[in-house]
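Per-entry structural report
Here is what each chain is made of, one letter per residue.
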Amino acid sequence: KDVVKYIFAYAKMLCTSAEETLKLSEGGACQSGDGTGKDDLYRIWEEVGKLDRMQFHQTSPGHVYSFAQSASQSISKYGTTNCLSVGSLLNETKDSLPLSGLLDFCQQIVPSNCFIERCSEGAWEEMEALYGDGTTSNSTSGFAFGKQVEKWYGVEYFVSPLDESDVKLWGEGIGAKEMESIHLPQPNRYIPRSLDLCEDLPEEARVQRIELPVSPPNLIVNEPSGRLWWKLDERYALPKAYLTVLIRTRASENILQSDESDQSQYNTKTSLQSEFLKSIFADALAIETYDAYLAGLGWSLSKSSAGFTLTCHGYSDRLPDLALKLLKELTSPSFLEERHFETAKDKTIRGLSSFFESRRADSLAIYYRNLLLNYKGNGVEENLEIARAITLRDIEKHHAMIWADNDLSLEVLYTGNVSEKQARSFFSDATDVIDSTRALVTQKEAVEDNIADSWASGPLERRLPAGEDIELHFESKNPKEENGAVVVTYQSQHEGFKGKSLSSKETLERSACVRLISKIIREPCFNELRTKQQLGYIVSSFYDMSYSTNETPLTTSIDSLTVYVLSRKVEPKDVAARIDDFLLNFRSKLEDMPSKEIQDYAESLAKELTKPIRKLGTEASNQFGKIRRYAPETLYADNDSSLEDIPFDNAEVVAAALHKLDRNMILDVYDSLIMKKGSRSRILTHVYGRTFPLKEVPPPAPSKVYVSSMNELMTK
């Protein structure tokens, strides 16, 4: 209700501003740009028009179906001339501000002329205390007050009249001191000064050329403090750029082992503190960066085992300003305020507390499978216990620890409408920020260096030994979940393909076979289990790739095939048996499948892999994923690999290999992946819903391992 009070106060302030500006304009005492301070509304109107026009001219139509639908509706309302441009202020100027219309609109924003929707636990409890399950009719308004039920989905909600005391309070407004905190928006410093394409861009690249192959970025700075990758866009011809800054540090998830082995060890509390830090930062900078959002810029901060990744994107002119602003704020502890910490902690605890009760059975099945395969962490329960105990002082110490890491470095990719000079300038400024922060932290407080002299490329997964067959059995903790779920994952025992310079020809062929098998199985699996047998309304199969490591810094790719079913018609153990039967019988279908059909599947998959990327953001994300994963492995000092070994062209290489596969290769991989129990590794995860609850788990067969408790899962 306090929020509503400020909304009405702001509307009143806006109304007053419009009245004053209108009077001065009519008297000739105020004109746009006269510098009196009374022209703020003219300035804001000009900014809104500029942003709208910029958005209109720089945004491409969306998907064909949704665009056709919205365009046809717009034509019926506004005609063919204005159907696309309506609402974009294309013909408005600073002096065309409709002051009278603005004033009239603002005068309608009063407590007596509104509906208020409240969505909170407190609001619900207040209404339950007032109405219970009953309703009362109001002959004056025609509303039925009390608990209501939505017609189509059965959602419950309350309708009530506005409390007269609240209406009176809102009408009186707020005090003079509180009014001092309310003001019209300041000038938006993130609006682009220019939408011109980079002057270094050749003439032929000033039109879109989406069909061009994607070229890799250039490594233009390679120093101990970090690397700068840069690429001037040659495909999209847009005044936009993507800037990704990875702060490489194992301090994001690890601490140094106490045995003086100089090896880092995953630590759940450290990882959670990094999640808190990320959430606090997002909350603290939300208001500060709102202008950037309005001006077409976006940003995010993420955490992984490789460190912290700051991503900024949008119109290129002001993009480095935003990125440097965020980097400076991130390195300073000033954003670590109690209010932001409490918000982050509440959000984290709520999310963890409701995790099991709010997830579908198939999501839980994948969660348990991932927990088994993951190198780190003991699951949601442990995270919740640790999260409740974390304090703001813990986060402050963790923040200092990050910047005190002597091995911290930057990995920067700057791509899009940006020159090499601009990229180098940003990188220099960014390294200065990091260096000054490190010096300040070291000087200010003694921080023990608990981070090992090593690196992490990203999330890692363990490969099960050959012949391992593990069954997981867990009951859903969601009281409303009627479905059960089965997720079966087959891990390839052969090293997965990483890149043409990092893997053998045989490895490439086997990885291509796993991908092709996943492609061939997908439709028959759905048709058999979903359409014919009608096991459940979700039946899916897919190829997956993860990474394992035994010795830093080398990583090994793991290819997997996963099939999962969500069902309330058949109990999970029978669903698992049906999946087994399908996969066993499918072997003979592969044997009899015409060569032309196999070739068609291979051609279709090759086209999927090499389909032209149509968005700069997708291209930047793909390329930075390769840099994050492979740059340490290929560019570290004691390695024979080089820049050319980073597999930016993996999609094209795998696509070419698909055309060379024959039936015998495919059957050999199918047998080792699925059929031969002595060489395969399989994880079969069951989650039981209300329809078929979990009964006593039967004794495992000699060749299988059954897991049905978190203790067993954590020790496996």
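Residues numbered from 1 in each chain as written. Predicted model: local features only at pLDDT ≥ 70, side-chain atom pairs only at ≥ 80, totals over all residues. Heavy atoms only, no water.

This part covers the overall build of the protein chain. Within the protein chain, the secondary structure is distributed over 23 helices and 17 strands. Its C-alpha radius of gyration of 30 Å places the protein chain within 12% of the 27 Å reference for a compact globule of 716 residues. Based on the C-alpha atoms only, the size of the protein chain along its principal axes is roughly 90 × 70 × 65 Å. Long-range contacts, defined as pairs at least 24 residues apart, comprise 78% of the intrachain contacts of the protein chain with a sequence gap of at least 6. Charged side chains in the protein chain number 83 positive and 107 negative. The centres of these two groups are separated by 4 Å. (Helix = DSSP H or I, 4+ residues; strand = E, 2+ residues; numbered from the N terminus. Rg over C-alpha atoms; globule rule 2.2 N^0.38 Å. Contact = heavy atoms within 4.5 Å. Lys, Arg positive; Asp, Glu negative; His and termini not counted. Charge placed at Lys NZ, Arg CZ, Asp CG, Glu CD.)

With 91% of its residues at a pLDDT of at least 70, the protein chain reaches an overall mean of 89. Mean pLDDT across the elements of the protein chain bottoms out in strand β1 (residues 135-137) (70) and peaks in helix α10 (residues 319-331) (98). Throughout residues 32-37 the model reports pLDDT below 50, and contacts reaching past four residues in sequence, or to other chains, amount to 8 contacts. The model gives residues 446-457 a pLDDT under 50, and that stretch makes 41 contacts with residues more than four places away or in other chains. (pLDDT = per-residue confidence, 0-100.)

With that out of the way, let us pick up the packing of helix α19 (residues 595-610) against helix α21 (residues 650-658). Where α19 contacts α21, the axes come no closer than 9 Å and their chain directions differ by 170°. Relative to α21, the element α19 lies roughly antiparallel. Residues A602, L605, A606, L609 and T610 of α19 touch α21, and the partners they reach there are A651, E652, V654, A655 and L658. Here the residues of the contact of α19 with α21 are counted per class, giving 8 nonpolar, 1 polar and 1 charged. (Axes fitted to C-alpha atoms, helices over the stretch in contact; angles between N-to-C directions. Parallel < 35°, antiparallel > 145°, perpendicular 65-115°, else oblique. Nonpolar A, V, L, I, M, F, W, Y, C, P; charged D, E, K, R; others polar.)

Another aspect to go through is the pattern of salt bridges. Summed over the entire model, instances satisfying the criterion amount to 40 salt bridges. Measuring nitrogen to oxygen at the nearest pair gives 4.0 Å for the salt bridge that ties D317 to R318. By relative accessible area, D317 is classed as partly exposed at 21%. Of the residues examined, R318 reaches a relative accessible area of 18% and is grouped as buried. Residue R393 is joined to E396 by a salt bridge in which the shortest nitrogen-to-oxygen separation is 3.4 Å. Note that R393 and E396 are positioned in helix α15 (residues 392-404) at a spacing of 3 residues, about one turn of the helix. Take E396: its relative accessible area is 28%, and that puts it in the partly exposed class. (Salt bridge = Lys/Arg side-chain N within 4 Å of Asp/Glu carboxyl O. Buried < 20%, exposed > 50% of the residue type's maximum accessible area, 1.4 Å probe, protein only.)

What follows deals with the pairing of strand β6 (residues 240-248). The element β6 is largely enclosed, with a buried count of 7 among its 9 residues. Where β6 and strand β10 (residues 307-315) come together, 9 bridges link them in antiparallel fashion. Opposite R248, over in β10, you have G307 as the bridge partner. The pairing of β6 with strand β11 (residues 409-416) spans 8 bridges and is antiparallel. Considered in β11, the bridge of Y242 is made with T415. (Pairing = 2+ DSSP bridges.)

It is characteristic of soluble globular proteins that their nonpolar side chains tend to be buried jointly. Core analysis: the biggest nonpolar cluster contains 90 residues, and I247, Y368, F426, L472 and L713 have the highest contact counts within it. The greatest single-element share of this core, amounting to 8 residues, is contributed by helix α13 (residues 361-373). Apart from the residues within four sequence positions on either side, Y368 is in contact with F356, L472, F474, T685, V687, M710 and L713. Membership of the second largest hydrophobic core comes to 47 residues, among which are L516, V570, I666 and L673. (Core = buried A, V, L, I, M, F, W, Y, C linked by side-chain atoms within 4.5 Å.)

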